Structures are given as structure tokens and as C-alpha cells.
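Coordinates in review
What follows is each chain in one-letter form.
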Amino acid sequence: MGGADEGLALVVVDCQCYGTMPDVSSPRPLSDWPGLARVSAYVAVMVVLVLVAAAVAGTTMVRRPLPDVQGAQRVEGLTGKVEVLRDGHGIPQLYAGNAADLFQAQGYVQAQDRFFEMDFRRHVTAGRLSELLGERTVETDMYIRTMGWRRVAESEYDLLAPDTRAYLEAYSNGVNAYLAGRSGTELSAEYTVLGLGGLDYKPEKWTPVDSLAWLKAMAWDLAGNLDEEVARTRLSVNRTPEQVDELYPRYPYDQNAPIVTGTADGRPGANPRPAPGRAALDALEAVRRGVDAIPDLMGKGSGIGSNSWVVSGDHTVGGKPLLADDPHLSASIPGVWYQMGLHCTTVTADCPFDVSGFTFAGVPGVVIGHNQDVAWGMSNLDPDVTDLYLEKITGKTYLYDGRQVPLTQRDEVIRIAGRPSKLITVRSTRHGPLLSDVSAELSSVGANAEVGAGAPPRENGYAVALAWTALTPRPTADAIFLLDAATDWTEFRAAAARFAVPSQNLVYADTSGNIGYQAPGAIPIRKGDRSGDYPAQGWLPADDWTGRYVPFDQLPSVLNPPEGFIVAANQAVTGPGYRWYLTDSPDHGYRSQRIRSLLTRKIDDGSRVDVEDMVRLQRDDRNPMAQVLVPYLMRQLMTSAYYADGQRLLLDWDFTQPADSAAAAYFNVVWSNVLRLTFHDQLPEGLWPDGGQRWMAVVSNLLRQPHSQWWDDADTEDVVEDRDTILSEAMLDARDELTRKVGLSPKRWAWGRLHQLDLENQSLGQGGIGLVRALFNRGPFQVGGGSASVDATSWDAAEGYTVTSAPSMRMVVDLDDLDRSRWVNLTGASGHIASGHYRDQTSLWVDGGTLPWVFDRKAVKAATKDRLVLEP
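What counts, and at which threshold
Residues numbered from 1 in each chain as written. Predicted model: local features only at pLDDT ≥ 70, side-chain atom pairs only at ≥ 80, totals over all residues. Heavy atoms only, no water. Salt bridge = Lys/Arg side-chain N within 4 Å of Asp/Glu carboxyl O. Helix = DSSP H or I, 4+ residues; strand = E, 2+ residues; numbered from the N terminus. Axes fitted to C-alpha atoms, helices over the stretch in contact; angles between N-to-C directions. Parallel < 35°, antiparallel > 145°, perpendicular 65-115°, else oblique. Left-handed = near helix turned anticlockwise from the far one by under 90°. Contact = heavy atoms within 4.5 Å. Disulfide = S-S within 2.5 Å. Buried < 20%, exposed > 50% of the residue type's maximum accessible area, 1.4 Å probe, protein only. Phe/Tyr/Trp six-rings, centres within 6.5 Å; stacked < 30°, edge-to-face > 60°. Lys NZ or Arg CZ within 6 Å of the ring centre and 35° of its normal. pLDDT = per-residue confidence, 0-100.

The final tally for this structure, using the stated rule, is 39 salt bridges. Glu-131 serves as the salt-bridge partner of Arg-415, at 3.3 Å between the closest nitrogen and oxygen. In this pair, Arg-415 sits in strand β14 (residues 408–416) while Glu-131 sits in helix α4 (residues 130–133), placing the two residues 284 residues apart along the sequence. Where salt bridges share partners, they join Asp-119, Arg-122, Arg-150, Glu-154 and Asp-210 into one cluster.

Let's shift gears to the packing of helix α6 (residues 149–157) against helix α9 (residues 208–221). α9 packs onto α6 with a crossing angle of 125° between their chain directions and a minimal axis gap of 8 Å. Here α9 runs oblique to α6, going by the angle between their axes. In the crossing of α6 with α9, the sense of the turn from one axis to the other is right-handed. Contact residues: α6 offers Trp-149, Arg-150, Val-152, Ala-153, Glu-154, Glu-156 and Tyr-157, while α9 offers Pro-208, Val-209, Asp-210, Leu-212, Ala-213, Lys-216, Ala-217 and Trp-220.

Before going further, it helps to examine the state of the cysteines. In protein structure, a disulfide is the covalent linkage between the sulfur atoms of two cysteines. According to the stated counting rule, one finds one disulfide in the structure shown. Residue pairing for Cys-344: its cysteine sulfur links by disulfide to Cys-351, the two sulfurs lying 2.0 Å apart. Looking along the S-S bond of the Cys-344-Cys-351 disulfide, the torsion reads about -85°, which is the left-handed sense. Taking relative accessible area as the criterion, Cys-351 reaches 3% and is therefore assigned buried.

All right, on to the packing of aromatic side chains then. Applying the stated criterion to the full structure yields 33 aromatic pairs. Judged by centre distance (5.0 Å) and plane angle (55°), the ring pair of Tyr-167 and Phe-481 falls under tilted. With Tyr-167 in helix α7 (residues 162–179) and Phe-481 in helix α13 (residues 476–485), this pair connects stretches of sequence that are 314 residues apart. Residue Tyr-167 is classed as buried on the basis of its relative accessible area of 9%. When the ring of Trp-795 is compared with that of Tyr-801, the centres are 5.2 Å apart and the planes differ by 40°; the resulting orientation is tilted. An aromatic cluster of three or more residues is present, and its members are Trp-214, Trp-337, Phe-358, Phe-360, Trp-823 and Trp-853. Above the plane of the ring of Tyr-400 lies Arg-430, whose end atom (NZ or CZ) is 4.2 Å from the centre. Sitting over the ring of Tyr-95, Arg-857 keeps its end group 4.3 Å from the ring centre.

Here the focus is the confidence of the model for the protein chain. Atomic detail in the predicted coordinates should be set aside for any region of low pLDDT. With 87% of its residues at a pLDDT of 70 or more, the protein chain has an overall mean of 89. Confidence drops under pLDDT 50 across residues 52–59; counting only partners more than four residues distant or on other chains, this segment forms five contacts. Every residue in residues 440–450 is under pLDDT 50, and counting partners more than four places away or in other chains gives 33 contacts.

And the structure:
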């Protein structure tokens, strides 16, 4: 069996940081524990025995699922041979004579490496997670069933092009060919652990809808401003609109350029709503808490984003474009991406694929990468494609335009491992499903709810409905295969026109020397001048969407801009004069402007950019807040040499944040304390600052207002604190915190000792039992970078310094010589804990390294370590 050269030694060594025994102090009997904890407790001793047996015998339950990656295997349904060539990191390149065989082989190979991850994801997206993990995930299933992710995916299948449906069917056949005759324990160690806990489960056959439903999870994690709508509404209860706006600063067009220069983002007025009252706020907040419990398969929060940019051949060493991409998503193991190549042995109209890059386990095709003619990258455009609607419900009807309209209803049955099934009724209005029905605490939302003048009688309170573009079926999956086969800008834009949700910034380059940018997506047009900043009033037709979307030919696009490069890093897409409203909440542009500045500096110096320059830029770790805040910190008088130790580190600091930097450690701890001292006394806990790019903009503005009310500590009655009082106290507290957490001497301080990357398995790696976590999780790893840096290893100041999201992969494509391209994944190709490829790219990623990304077939063969032939 290939890919297991590190064997269980890898598991044991990597797990030592987590090797704690289970907490058995719970007063509850095991039968009452949540599903995963109960399973984990049952198997804790068994796992110890497994590890001992593994060390002695070598062939164990955790090695049993490792696939054969050499020799030949017969696969039912193939019409010809498919060659699978894996390099030294287990990354597969597939070669087939026709498209059907190619995608069937892709399904087979992904099932070899990542089937449990695929199965877990389809349980999440179908609202069936409780069938695996028990009652602790019932609420998650209820929310997803209420939104109907899988129901939408089922409807989308019939909208797809015939070729797309054929590719999805072939992929499913390949997955099922691998499943045939294999038990769960032969597929993944996760099934072994669940089985030891008593779960009687056999994986179902894979279907095309399983693949399509994953696109809903992707869209959910990258969608709009639902949390922000609730937050703004909560703040509006006891803050003026001006005070709320201070916490949501406008995009700084005078400092940070948009993606497409020369135009601007149409922005309706903030149109703040009347304070909705306590009961309606409770409804909104409960919905927010509930949807936050949905597993972040790609990530959530201000750190989610991407860097993508492309440089014209006029400025490169090779004379052809260079393209870079690194999406910032939640850190997990296995990583969210799967590297592979898909190659028709002869490219024809019937088999047009010669493509390599990053995709998702469970999804056919390549999502980000390059083919023989074009390359593309993605970053989140983050348009406002969700709205919450307060709805006035009476019995089985809701109020709209002065009349009672029947609710749409359907029943859903949620099966729960070890428990009786649960029946729920999903109700919807014209705006969308009622998320508030999920929570028991919302079933009697207050008789004292308040909205504005003219609102309907409050009686039983208000429900909350979700309008979201992804709940309307659309053929987004077509775009994947059209991108993979595109040969020029025209075909690339035709593919982008099918990319409905999630809306992404697409950067482009081709071997003819062109570079470009296209914004795709279904972006709703709202009535009047209403933005999506606050929840809408569902009974008012004026608050509806129009039912129309921004026309594709009017979405921002540019080909070969005069400055010779394009940077798309989640900043504003256009400037203020653009006709359509896209969003009020773009990234404030710290990363994008840093990339632009470094590229401009190099080009203005007369230098040409090469692949190593692009890789180096991806690892730029300059802190954008430091250059703003440090001058203020240097003005503060420290009361002793002990407290001045930290301040002295800032004297000659260059604002970079490598893992071994003492200055970065001190500054980031100061920053965390500034946020705590300034805002925790005036904001509810759920709205405490995370310290990301928005809060950097907030504090940058407040620093110019030394007596702003935000600086005053609301808990001190007889003292009015100002800016310098808070900054001084933050510096004192930071010194004490570092002494406690790291050491007395600043020589021991290092940013990486606080800022660490933990790779958690999204299923069994998040339970309460240390020994089970030890099997599946890896880390911690000390890393540099930080929030809003180009090297965006984000952290949440309200929680600590641990990495919350990070570059999930990095790639640089050289259109002059595709074999000079580079790539790296956050973890590895395999989802098997005993495989040598479970995390064999992580150390390289941490150190800023990349792997050769060869494309030419001869180069691929030269790099091959394992060859497998799939035969009819």
C-alpha cells in the first residue's frame, strides 16, 4: 500500500501535543452524553490498544483504509485505461482517453484519498449530520433542512448542461466503484472510531446531487453580511446612527484603490431602521447564534478572504503573465482543497480537458488552476446577497401588503444516531424560510416587540425569514467545466457568466499574454435606495428585492489595464460612481494596497517580476495597523524599566511579523488590550472586536479623536478616560500578559509562541475527548503573519492569538513556462491519518515554501513516485 511510509510513527509523533486522557469527571451517565462525546468515551481505551497494536504489528485498523496506489485495478464502467501518476507528495495526475473515463477516475481517486471527508460534507449539506454524530448536531441539521440546501441542489441538476450532468454521473460512478465491496473500516479510520462507539452505519452510494450540494456550503460560508445585519440592529437600540457608523467605516477610496480603477461602487444610503425592540432583537440574535453553529466547512469571520493578482508579461522575467492566488479559509485537516490534474490524452471537442489545480473532494473538475491556455484565480467578492426579514405571523399566514398570505409548509424528518427521529415543519414566506422556527426560544417571541411607526400589532412577536440568492436553483456547476476547458478571454467570460453563487473575483491570464478581471454572480437589485445593512420589514413591499439581478454585461470587468497588473484581494470592486449596489462591507484594502505598492515599487525600479517574487509577496507579513498605532504608543510614558522593556522593542521595528519576532508579539498583545479596554465595556460580548481589518479602520479613525466617548471606560463613574489613558494601560497590561504567558525576559518573547496554527479534523477532531482528538488533529505550529497582512494568518482578539483562518493553499502560475509554476496545500493530499501524505505539506507551508507544479506529461512522469492503472 502506497503513501504510508511514515506509518503510525507519524500519528504518534504528531499527536503528542494533544495526548491527554479523557475527562471523566462529568456527573452525567454515559448514556446522557452528547453523541460524539459518548462515542469517544466508549472507544478511548480501544484507541489506546489500537495505537499499541499499531506500534507492534504495523498493520492496524488505522492503516487498513490506505489505498493501493501502484499496479492495476479493474473499475467497472470504464471504457479504456486511465493512468494515475502520483508524485512524492501523493498528488495525482490523471490521463484518460475520453471525458467519461476521466471524471469516473477522478471520483475513484478522490474516494481513495478523502471519502470520509466527502461523506461528512454531504451529511452536513443534506442536514443529516445527526445520523453520524447524534443529538448534539440536531440544531445544525434543523437549520440546513429549513434552508433546504439539498432540495435546491436537486432542483439545480435539471438546469445543468447535458455535458455537466454526464460528468457528474461519471464522477459518481467512480466514487461508487471504489465503495463497492468495501466496509466503512476499509474506507477511513473515522468509521472505525464511530463503529467502536456502536454506530451501525454503511455509506450510501454517491450521487450527482451530493456534489452539487457542496456548492451550497461554499456559498453559505462566503455569503454576505447576515451577522452584520444583526449586529447593526443590536447596536441601534442604544446608539445613534452616527455612533453605529463609527464602527462600520466607509471604504477609504482615497487610500486604497478598488480592483477596477476609474469607477466606483454604487452605495445607497445606510437607511437605518427604527430600533426593533427587545423581543425582535432576541429573535435576530437567536438566529445568529443558531446559524453560527453550522459547521464552517470553509470558514467564517473577517479573516475569510483571498489574495489574487496577475502581472502582465510586460513586467515579468519570462515575458508572459504571472498569476498568484491564496484563498484565506478556516484551517482544518484534511485541508479544504485537493490538488490534482485532469488530462485528456488527446484534447478534442469531446474531451477538452488538460487542466491542473485545486478542487474540492466530492466535486468533479478543477475549481482554481490552469489549463494549457489560460490560468485563473479566485477571491471572495462578498456582495450583499442575503437579507433578514422580520415577518408578522398569524396562525398559518403572514402579513404582506396589508393582507394575510398563506405560509408555505413542508415536513422534514431528522434521524438521530442513538435517539428517536425528530419531525420538524419548515415554514416559508415569499422572502424565504423562517429560520426563527428552528429555535425553541423563538416560538413565543415577545408580546412586547417594537419596530417603527406603522408596524403591525405585536401580539405574538415577529419571526425571521432569510432571503438568499443561493436558495434559487442556478447552474453554477456548469461554470467549473467551462473554466477548465476555456482557451481564451471570450470563453473564460462565458464560463464566468454561469458562476452564480458564491460570487467571486476572477483574475485571468493566458499564454497569449492577456490579463483580465471579471466579477460574476447573481447579485440582487433591491427596491429604492435600500441597502442590506439592517433587517427588512417583510410586510412592506417597498423592502422587497425587485426579482432582478445585476446584468452580467454590467458587472465589473477589465482586460489588459494600462498599469499592467490587477490586484483582487477582497477590497472594493469599483469606485463610487458604479451604477449598481454590490456591498457596504468590502475589506478595507490593507492587503490589496500592500500588494499594489510592492508591485509598483518593483516595476518603477525597472525590475521584472519572477515566480519567486510572487511567492515572496504571498508571505509578506507587514502589520498594517502597526504603522498607524506605534507612533502613538511611543509617546506614552512607562512607569518603570520593566514596563519600558516592551516599548523599546518598537523603536526599530519594521512592522513585520515573523514567528520569531519579539516586537510583533508585544505589539499584537498591546493591540488586543487596546481593543479590550476600549470596547468591551460598551459592547455586548458577542460584538467584541476581533481585531481584523474593520477594527483597524475603526481605531485608526478614533486615534485622531483623543476624547471620543469610545475611549471612556463606562465602568468608572468618577473618571473620564481618554485615548492616551487607554493606550498606556494597554501597554502595561501587555507587558504583564507576556510575562505570564511567555516569560519575564523579552528575549524569550516570540510572536509564534502565542500565534499558533492548530489543524483540527472537522468531524471527530472537535469533540471533548483528548485521545480521539489526538488521532485526527495535528499541531500546534508556530507561525508568523496576522490579520489583514498579506500573509493572512488571522486571529480573533476576543478569543486569543490562535490562528482562526489562513491561506488554505498558495499557487503561482507562470504562463511562459507552466512547469515553472509553484503550489502548496495547507495539509496534504490524503485524508487518512496513517498516510505519509496526511500533512506532509504543512511544514513546507509554515516555512513559506512551495512545491514544483509540473504540467507537461514528460515532466509529470519524471516526478512520478507511484503509478496506478485503472482498467475496464
